[in-house]
Amino acid sequence: MRCAHAFAPSRRRAETRLDIVRLEVADRRLKHKSKYTLDRGIPGAFEGETITRRRFMTGGANAAGAVATAAFALPALGFAIGPIFKSTPVHWEAVGAESLFTEFNYVPVVLTLNPTIGEAGKTTVYVRKFNAAIDNDPYDKGTPYIAITSRCAHLGCPVRWVDAAERFICPCHGGVYDLLGRPVGGPPVRPLDRFYTRVNGEQVELGPRFSVNSELRRFSPRDPGEPLDGIGQYLYPSRPGAQKL
Ligand code: FES
């Protein structure tokens, strides 16, 4: 009589062969997978059906969700990144004859920043002739006129030039600026912004606005409350749509 151990190797061989056959069948099925749900043995399948109703409904719901999400997200995305691709045309505006301005005092003029919104698009700018005795920073060399904005660098209130004190004064929170527009009191975080100037014929023209740091170095225009000294120039970049220097 042969003991059970004698059959063990041949049985193991038979199991291994069976496994190989099973794998080959599975592989063939995988390669030649039928497009019909019935052939694939999916529960609840119908004759001639290529996609189950559940899968169809799931796909439809996902597609509807994607369309609804895109309807909300795409316009917001467009508003957010659209200004990056928008270039602002350079605008120069005549603000008066050269004879109107002196080296020693500021003259208020009205400048149109946005012609599409009427009076609200206008601002007051203080202009005087370049004066080598006081405008001795390296950045103003060759500038024919100094044009300083009336928009406070703290929160944007209108500042006023007070001739007797030789100061720009902001009534909102007591911001005080010196003759060059640099803050000397109160909460403003940087000097008053300026405008490019040029002379065209007899007329003084003002161009784009730019911001300056405490040394009067020029930067692309920033919003009020954004410092430009030290790390501030990197923490507060100019708006994407703003005119770059
Ligand atoms: S807005 Fe000018 S000091 Fe605050």
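In this text, all values refer to a predicted model and were calculated from it rather than measured experimentally.

Basis of the calculations
- Throughout this document, residue positions are counted from 1 along each chain, in the order its sequence is written.
- Restriction of local features to residues with pLDDT of at least 70 applies here, the model being predicted, together with a cutoff of 80 or more for giving and counting side-chain atom pairs; totals for whole chains, interfaces and linings are based on all residues.
- The basis for every side-chain value is the complete set of non-hydrogen atoms in the structure, without hydrogens or water.
- Here a strand is any run of E in DSSP of at least two residues, a helix any run of H or I of at least four, and the numbering for each starts at the N terminus.
- Each residue's exposure class comes from its accessible area (1.4 Å probe, protein chains only) as a fraction of the maximum for that residue type: buried when under 20%, exposed when over 50%, partly exposed otherwise.
- Contacts are residue-level and defined by heavy atoms, with any inter-residue pair within 4.5 Å sufficient.
- In short, DSSP must find at least two bridges between two strands for them to pair.
- A residue's pLDDT is the confidence the predictor assigns to it, expressed on a 0 to 100 scale.
- Any cysteine sulfur atom paired with another within 2.5 Å is treated as part of a disulfide.
- Between the rings of Phe, Tyr and Trp (Trp by its six-membered ring), a pair exists once the centres lie within 6.5 Å; its type follows the angle of the planes, with under 30 degrees stacked, over 60 edge-to-face, and the other angles tilted.
- Residues grouped as a nonpolar core are buried Ala, Val, Leu, Ile, Met, Phe, Trp, Tyr and Cys residues, joined through side-chain atoms within 4.5 Å.
- One speaks of a salt bridge when a side-chain nitrogen belonging to Lys or Arg is within 4 Å of a carboxyl oxygen belonging to Asp or Glu.
- Like-charged residues within 9 Å of one another, or nonpolar side chains (Val, Leu, Ile, Met, Phe, Trp, Tyr) within 5 Å, are grouped into patches, provided each residue has over 30% relative accessible area and no salt bridge.
- Only the protein chains shown count as cover for residues, and all accessible areas are computed by the Shrake-Rupley method using a 1.4 Å probe.

**A word on the overall build of the chain**
(1) Moving on: When helices and strands are tallied, the chain shows three helices and eleven strands.
(2) Moving on: Start at the N end of the chain and walk to the C end: the helices and strands fall as α-α-β-β-β-β-β-β-β-β-β-β-β-α.
(3) Moving on: By residue count, 30% of the 245 residues in the chain fall in the buried class.
(4) Moving on: Considering only residue pairs separated by 6 or more positions, the chain has 42% of its internal contacts joining residues 24 or more positions apart.

**As for the sheet that holds strand β5 (residues 160-162)**
Within a sheet, adjacent strands bond to each other through the backbone by hydrogen bonds, running parallel or antiparallel.
(1) Moving on: Pairing is antiparallel in the open sheet, where four strands are placed in the order β5-β6-β7-β8. Looking at the sheet topology across the chains shown, the edges are occupied by β5 and β8 (183-185).
(2) Moving on: As paired elements, strand β6 (residues 167-169) and strand β7 (residues 176-177) share two bridges and run antiparallel to each other. Each bridged residue has a counterpart across the sheet, and for F168 the counterpart in β7 is Y177.

**Details of the confidence of the model for the chain**
(1) Moving on: Here the chain averages 87 in pLDDT, while 89% of its residues score no lower than 70.
(2) Moving on: Of all the helices and strands in the chain, helix α1 (residues 8-31) carries the lowest mean pLDDT, 64, while β7 carries the highest, 97.

**A word on the state of the cysteines**
(1) Moving on: One pass over the structure, following the stated rule, counts one disulfide.
(2) Moving on: Here C157 connects covalently by a disulfide to C172, the sulfurs 1.9 Å from one another. Judged by the sign of its S-S torsion, about -90°, the cystine formed by C157 and C172 is left-handed. With C157 in the loop between β4 (145-149) and β5 and C172 in the loop between β6 and β7, this pair connects stretches of sequence that are 15 residues apart.
(3) Moving on: A residue is classified by how much of its surface remains accessible, and C172, at 36% relative accessible area, is partly exposed.

**Brief notes about the packing of aromatic side chains**
(1) Moving on: One pass over the structure, following the stated rule, counts six aromatic pairs.
(2) Moving on: Between the aromatic rings of F101 and Y145, the centroid separation amounts to 5.7 Å while the plane-to-plane angle is 70°, which identifies the pairing as edge-to-face. Taken as a pair, F101 in the loop between β1 (93-97) and β2 (107-112) and Y145 in strand β4 lie far apart in primary sequence, 44 residues in all.
(3) Moving on: For F101, a relative accessible area of 2% corresponds to the buried category.

**Describing the nonpolar core**
(1) Moving on: Membership of the largest hydrophobic core comes to 14 residues, with the highest contact counts inside it found for Y106, I148, V159, W161, F168, Y177 and L192.
(2) Moving on: One finds V125, Y145, A147 and L206 within the second-largest nonpolar core, a separate group that totals twelve residues.

**Overview of the pattern of salt bridges**
Once their charged atoms are close, side chains differing in charge can pair, the charge on each being opposite to the other.
(1) Moving on: A complete count under the given rule lists nine salt bridges for this structure.
(2) Moving on: Its salt-bridge partner being K122, residue E119 comes within 3.4 Å of it at the nearest N-O pair.
(3) Moving on: Between D193 and R209 there is a salt bridge, with the nearest N and O atoms lying 2.4 Å from each other. Linking D193 in the loop between β8 and β9 (194-200) with R209 in strand β10 (residues 203-212), this pair joins segments that are 16 residues apart in sequence.
(4) Moving on: With a relative accessible area of 6%, D193 lands in the buried category.

**Here we look at a nonpolar patch on the surface**
(1) Moving on: A cluster of nonpolar residues, L74, L77, I81, I84 and F85, forms a patch on the protein surface that exposes about 540 Å² of accessible area.
(2) Moving on: With respect to the secondary-structure elements, L74 resides in helix α2 (residues 53-81).

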